[in-house]
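# Examining the three-dimensional arrangement
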Amino acid sequence: MINYHFHDEHSSDGARPLVEHCEAARRAGILEICVTNHVEALREDGSWVVDFEEAVRRFERVLESVVRARSRFPELTIRFGAEFAYRPEWTDPLDRLAESLPFDFILGSLHDVDGIDVSGPNASEFFRDRPLEAAYGRYFEALHELVEWGTFDAVAHFDLVKRYGHRAYGEFAPSSLEAPIRSVLAGMGRAGIGIEVNTSGCAQWPRAPYPDESILTWAREEGVPFLTLGSDSHAPEHFTQGITDGSAHASRAGWDRLTIFEARRPIGTIPLQPNETQPGGDR
Ligand SMILES: [Zn+2]
Ligand SMILES: [Zn+2]
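Residues numbered from 1 in each chain as written. Chains lettered and ligands numbered in written order. Predicted model: local features only at pLDDT ≥ 70, side-chain atom pairs only at ≥ 80, totals over all residues.

## Remarks on unusual backbone geometry
- The linkage connecting Trp 205 with the following residue, Pro 206, adopts the cis geometry, with an omega of 10°.
- Of note, Pro 206 is situated in the loop between strand 10 (194–198) and helix 8 (213–221).
- Here Tyr 210 and Pro 211 are connected by a cis peptide whose omega angle stands at -10°.
- Inspection of the secondary structure assignment puts Pro 211 in the loop between strand 10 and helix 8.
- With a phi angle near 50°, Asp 114 is a residue other than glycine that sits in the positive phi range.
- In this fold, Asp 114 is placed in the loop between strand 7 (112–113) and strand 8 (116–117).
- Residue class for Asp 114 comes out exposed when judged on the 10 C-beta atoms lying within 10 Å of it.
- With a phi close to 65°, Arg 264 is a non-glycine residue in the positive phi region.
- Tracing the chain through its elements places Arg 264 in the loop between strand 12 (257–262) and strand 13 (265–271). (Helix = DSSP H or I, 4+ residues; strand = E, 2+ residues; numbered from the N terminus. Buried ≥ 20, exposed ≤ 12 C-beta atoms within 10 Å, placed from the backbone.)

Laid out in structure tokens, this is it:
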């Protein structure tokens, strides 16, 4: 099994040194991990900023910690990654960051839409006084903008908007927005961008991995080229949250493999079900 989405002490919202997350991986029998810290940093006034110089310095320290952890955990494959959150004004510094450091894998994510963090405490502002089709429709439109930008390898937590949206509208049925969702997925297929199963939803609402099983099925049908899996944990004690459920969820949607990365290129796959025998060539 792998975990290609977690945050450590070098992420604004993460905790504890990388080696403690590696320990958690080793205890759980996970063989390959990728640390994907946020680039944006919290200012004293509570706003978020992507400062290219600060980010380069901080991610150089992450890379140093990855190199040290590799020698301490030789049995574990440790990749150097990041989570690039999309805002139109951040694409330039993020493009430069991607060019400046030897990342193995980059997640693209959408937290802010029209200045509101749809995954944060003020998310209700985004849903106020408009129907689900308008609010979620705008979210998927912004997700399309993220994909058109494209400086990343896989889309993280594709339907994160439902995390707080359910308080306004109840449980999300993707069929009500199938056409715009398929359009985003088809764009990912054309751009060679993959999709992530994100298991952070298992421990809180929606009590299931992101995205919905039907979206994972449509992703295959629309030509999304690969799947990754991550717990999106922010502390070592949550490192394995939902990972087993996440693989079963993806299997039900017809996926059978997870893709692994080096230097931002897919270099192989591993089976979603650990007992499955592997054909030659892949690892
Ligand atoms: Zn995220
Ligand atoms: Zn994350």
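## Remarks on the pairing of strand 5 (residues 77–85)
- Strand 5 sits mainly inside the fold: 8 of its 9 residues count as buried.
- In this sheet, strand 6 (residues 105–109) lies alongside strand 5 in parallel orientation, the contact comprising 5 bridges. Bridged to Ala 85 within strand 6 is Ser 109.
- In terms of handedness, the path from strand 5 via helix 3 (residues 91–100) over to strand 6 forms a crossover that is right-handed. (Pairing = 2+ DSSP bridges. Right-handed = clockwise from strand over helix to strand, strands pointing away.)

## Points about the pairing of strand 6
- With respect to burial, strand 6 is a largely interior element, 5 of its 5 residues being buried.
- The pairing of strand 6 with strand 9 (residues 154–155) spans 2 bridges and is classified as parallel. Along strand 9, the bridge assignment pairs Gly 108 with Val 155.

## Section: the environment of Ala 248
- Its location among the elements puts Ala 248 in helix 9 (residues 243–252).
- We classify Ala 248 as exposed; it has 12 C-beta atoms within 10 Å.
- The spacing of Ala 248 and Leu 272 is 24 residues in sequence and 7.9 Å in space, taken between C-alpha atoms.

## Some thoughts on helix 7 (residues 178–191)
- Given a rise of 1.5 Å per residue, 14 residues ought to cover 20 Å, and the 20 Å separating the end C-alpha atoms of helix 7 matches this to within 8%.
- Within helix 7, the full set of buried residues consists of Ile 181, Val 184, Leu 185 and Met 188. The arc that holds every buried residue of helix 7, seen down its axis, measures 95°, which confines them to one face. Of the exposed residues in helix 7, those oriented more than 90 degrees away from the buried face are Ala 179 and Arg 190.
- Check the buried side of helix 7 and you find it contacts helix 5 (132–149), strand 9, strand 10 and helix 8.
- Phi turns positive one or two residues past the end of helix 7, at Gly 192, with a value near 75°. (Expected span 1.5 Å × (residues − 1). Arc of directions from axis to C-beta. Contact = placed C-beta atoms within 7 Å.)

## Description of the sheet that holds strand 11 (residues 227–230)
- With parallel pairing, 7 strands are arranged side by side in an open sheet as 1-2-5-6-9-10-11. Edge positions in the open sheet fall to strand 1 (2–6) and strand 11, since each of these has one partner strand only.

Purely geometric stuff here, so don't read any function into it on its own.
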